[in-house]
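Notes for the structure review
Given next are the chains, with one letter for each unit.
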Amino acid sequence: MLARPDAYRCIECGLPYRAPGFHHYHGMLEEGPAYWTDRGILCSPQCSLSHHNKRRAEGTLPQEPASDPFEVPTVFRR
């Protein structure tokens, strides 16, 4: 079977979503990433803090929590 490229990577360091060391919610890949922002996913507390500090320095901190990037809408329109 061919390895498929990972569409999701940490926006700070580029670590692929399924790579060892990537922090998942409750430690389970199926639960999605443990950290995310409105700009993408983050692999660890260190990358999360680094991203937060960069955004604070830029003056671009979000004013509300970002929605879960892996959440599937419950209502589908046709």
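The following refers to the structure shown. These figures come from a predicted structure and were not determined experimentally.

This model, assessed by the stated rule, comprises 2 aromatic pairs. A centroid spacing of 6.4 Å and a plane angle of 70° characterise the contact between Tyr8 and Tyr17, whose relative ring orientation is edge-to-face. The exposure class assigned to Tyr8 is partly exposed, which follows from its relative accessible area of 37%. Relative to Phe22, the ring of Tyr17 has its centre 5.3 Å away and its plane inclined at 75°; by these criteria the two rings are edge-to-face. Here Tyr17 and Phe22 have matching classes, each one buried. Among the aromatic residues, those joined into a ring-pair cluster are Tyr8, Tyr17 and Phe22.

Bringing helix H1 (residues 45–58) into the picture now. Counted at 1.5 Å a residue, the expected span for H1 with its 14 residues is 20 Å, and the 20 Å between its end C-alpha atoms agrees. Listing the buried residues of H1 in full gives Cys47, His51 and Arg55. What you see down the axis of H1 is that its buried residues fit within an arc of 70°, all on one side. Opposite the buried face of H1, at more than 90 degrees from it, the exposed residues are Gln46, Leu49 and Ala57.

The subject of this paragraph is the nonpolar core. Cys10, Tyr17, Phe22, Ile41, Leu42, Cys43 and Cys47 together form the largest nonpolar core, which totals 7 residues. Discounting chain neighbours no more than four positions away, the residues touching Phe22 are Cys10, Leu15, Pro16, Tyr17, Pro33, Ile41, Leu42 and Cys43.

Before going further, it helps to examine the side chain of Ser44. Position of Ser44 among the secondary structure elements: in the loop between strand S2 (40–42) and H1. A polar atom in the side chain of Ser44 sits 3.2 Å from the backbone nitrogen of Cys47. Once you skip the residues sitting within four places of it in the chain, Ser44 turns out to touch His23 and Tyr35.

Thresholds applied
- Residues numbered from 1 in each chain as written.
- Predicted model: local features only at pLDDT ≥ 70, side-chain atom pairs only at ≥ 80, totals over all residues.
- Heavy atoms only, no water.
- Phe/Tyr/Trp six-rings, centres within 6.5 Å; stacked < 30°, edge-to-face > 60°.
- Buried < 20%, exposed > 50% of the residue type's maximum accessible area, 1.4 Å probe, protein only.
- Helix = DSSP H or I, 4+ residues; strand = E, 2+ residues; numbered from the N terminus.
- Expected span 1.5 Å × (residues − 1).
- Arc of directions from axis to C-beta.
- Core = buried A, V, L, I, M, F, W, Y, C linked by side-chain atoms within 4.5 Å.
- Contact = heavy atoms within 4.5 Å.
- Polar contact = N/O pair within 3.5 Å; in protein donor to acceptor, adjacent residues only side chain to side chain.

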